[in-house]
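If you want the building blocks of each chain, they are given just below.
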Amino acid sequence: MLARLANLLKDKEAALGVDSTIREYQRRFKTVKESKPGVGKHDHEEFNNLYYDVATDFYEYGWGRSFHFAPRVPGESLEASIRRHEHYLAHKLALSPGMVVADLGCGIGGPLLEIARFSGAKIVGVNSNAYQLERARKLAKEAQLSHLADFLHCDFLNVDAPDESFDAVYGIEATCCAPDKVSIYGEAYRLLKPGACFAAYEWCLTDRFDADNPHHLKIKNDLLLGTGLTDLDDLPTVDHALKSVGFEVLETTDLDAQGGPSIPWYQPLVTPGFSLTGIRASAIGRWITHNSLRALEALRVVPPGAVRVSETLNIGASGLAEAGKLGIFTPAYFIHARKPD
């Protein structure tokens, strides 16, 4: 299994810079947390790129091509739940052939390609990370979906497209990377045609999070460090930001808090499933991967710094799992809003 991760890392042009990149990311994270104000509009792009330059291959190896979570129902595989989560968003936006849609923070294009295939709409992925976009274009070509997939290499707070360019805009667990919600939601508003809709799965702290609880704060910090973020907003902040930029809010709901039999979104991080991906994502799988990387790095099969990246991501995975168990965090706060005519 590790041969695939080793090949991904070796194929990267910047492989020799993995160690320096992860060290710089950790230094920047520490600086941001100590200075308190957070990453501003002018340097968030660099911060995000430091993280995803080194984390992307690990994400694809351990989770798949769609870098997001999804609640599951009993008997449903992780892969099926991921696809259903993407289809749900496309259905809510009523995506259909002939529409042109923006995906803010498209990653390597896993959700983009699935939504394009499902809906027939043309999806334009927006991403500031050159390495991820190179991978996304390759995957689109392999899937024979290049006619329904386009990509813009730019900051998603300053998209290289005119006002009112898109029939719909969405983000899947990506808008949390913005320095503040008003900036990213305002850009989505600008890009939309009048009467068109925006939808997203947002990472949020729930009302169970206690800012005076040291244990909660430690979990939050681990989550942020390991996932490339500098802060998390709560649900009211997200709702207020949508309204403040002019959106008519159609729906906001935490999909993880809905009733009925379900498997928590964080379960793959705790218990391995029946697929190879499920095993890799679990605590046991991450332990095996991490210790195997030690040997591979010593043998120079993977670039220096791979173990440090693995350590950082494992901190984040543990933080996510613990936050999920305590119910202080959700990765599936679904928002659906309309730009008035």
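Residues numbered from 1 in each chain as written. Predicted model: local features only at pLDDT ≥ 70, side-chain atom pairs only at ≥ 80, totals over all residues. Heavy atoms only, no water.

Student: Explain the overall build of the chain here, please?
Tutor: From N to C terminus, the chain includes 13 helices and eight strands. By residue count, 56% of the 341 residues in the chain fall in the buried class. Long-range pairs, those at least 24 residues apart, make up 77% of the contacts in the chain with a sequence separation of at least 6. Total accessible area on the chain is roughly 14700 Å²; 53% of this is exposed by carbon and sulfur atoms. (Helix = DSSP H or I, 4+ residues; strand = E, 2+ residues; numbered from the N terminus. Buried < 20%, exposed > 50% of the residue type's maximum accessible area, 1.4 Å probe, protein only. Contact = heavy atoms within 4.5 Å. Areas by Shrake-Rupley, 256 points an atom, 1.4 Å probe, with all protein chains shown as cover.)

Student: How should helix α9 (residues 235–244) be read in this particular structure?
Tutor: Among the residues of α9, those classed as buried are Val238, Ala241 and Leu242. In an axial view of α9, the angular spread of the buried residues amounts to 100°, which keeps them on one side of the axis. Across from the buried face of α9, at angles greater than 90 degrees, the exposed residues are Pro236, His240 and Lys243. Buried residues belonging to α9 abut α7 (181–191), β5 (192–205), β6 (233–234), β7 (248–254) and β8 (329–338). (Arc of directions from axis to C-beta.)

Student: Which parts of the structure should I look at to understand helix α6 (residues 130–142)?
Tutor: Residues spaced three or four apart along an α-helix face the same direction, because each turn holds 3.6 residues. Taking 1.5 Å of rise per residue, 13 residues should cover 18 Å, and α6 covers 19 Å from first to last C-alpha, within 8% of that figure. All of the buried residues along α6 are Tyr131, Gln132, Leu133, Arg135, Ala136, Leu139 and Ala140. The N-cap residue of α6 is Asn129: its side-chain oxygen and the backbone nitrogen of Tyr131 are 3.2 Å apart. Immediately beyond the C-terminal end of α6, within one or two residues, lies Gln144, with a positive phi of roughly 55°. (Expected span 1.5 Å × (residues − 1). Polar contact = N/O pair within 3.5 Å; in protein donor to acceptor, adjacent residues only side chain to side chain.)

Student: I tried to follow the packing of helix α3 (residues 44–62) against helix α8 (residues 214–227) on my own but got confused; where do I start?
Tutor: Describing two packed helices takes the angle between their axes plus the distance from one axis to the other. Packing of α3 against α8 brings their axes to within 10 Å, and their N-to-C directions diverge by 90°. Judged by the inter-axis angle, α3 sits roughly perpendicular to α8. Contacts from Tyr51, Tyr52 and Tyr59 of α3 reach α8 at Leu225, Gly226 and Thr227. Along the lines of polarity and charge, the residues of the contact of α3 with α8 split into four nonpolar, two polar and no charged. (Axes fitted to C-alpha atoms, helices over the stretch in contact; angles between N-to-C directions. Parallel < 35°, antiparallel > 145°, perpendicular 65-115°, else oblique. Nonpolar A, V, L, I, M, F, W, Y, C, P; charged D, E, K, R; others polar.)

Student: Sorry if this is basic, but what is going on with the nonpolar core here?
Tutor: A general trend in soluble globular proteins is that nonpolar side chains are found buried together. Core analysis: the largest hydrophobic core is formed by 106 residues, its most contacted members being Tyr185 and Phe198. With ten residues, the top contributor of residues to this core is β5. The residues contacting Tyr185, other than those within four sequence positions of it, are Thr175, Phe198, Glu202, Val238, Ala241, Leu242, Val245, Phe247 and Ile335. (Core = buried A, V, L, I, M, F, W, Y, C linked by side-chain atoms within 4.5 Å.)

Student: Sorry if this is basic, but what is going on with the environment of Leu89 here?
Tutor: Within the secondary structure, Leu89 is located in helix α4 (residues 78–92). On the basis of relative accessible area, Leu89 is assigned to the buried category, the value being 0%. In the structure, Leu89 is positioned 246 residues away from Ile335 in sequence and 9.6 Å away in space, judged by C-alpha atoms. In contact with Leu89, not counting residues within four places along its chain, are Ile115, Tyr170, Gly171, Ile172, Ala199, Ala200 and Tyr201.

Student: Is there a simple way to think about the pairing of strand β4 (residues 166–172) in this case?
Tutor: Extensive coverage of β4 is indicated by the burial of six of its seven residues. Here β4 pairs with β5 via six bridges, running parallel. By the bridge assignment for β5, Phe166 is matched with Leu192. (Pairing = 2+ DSSP bridges.)

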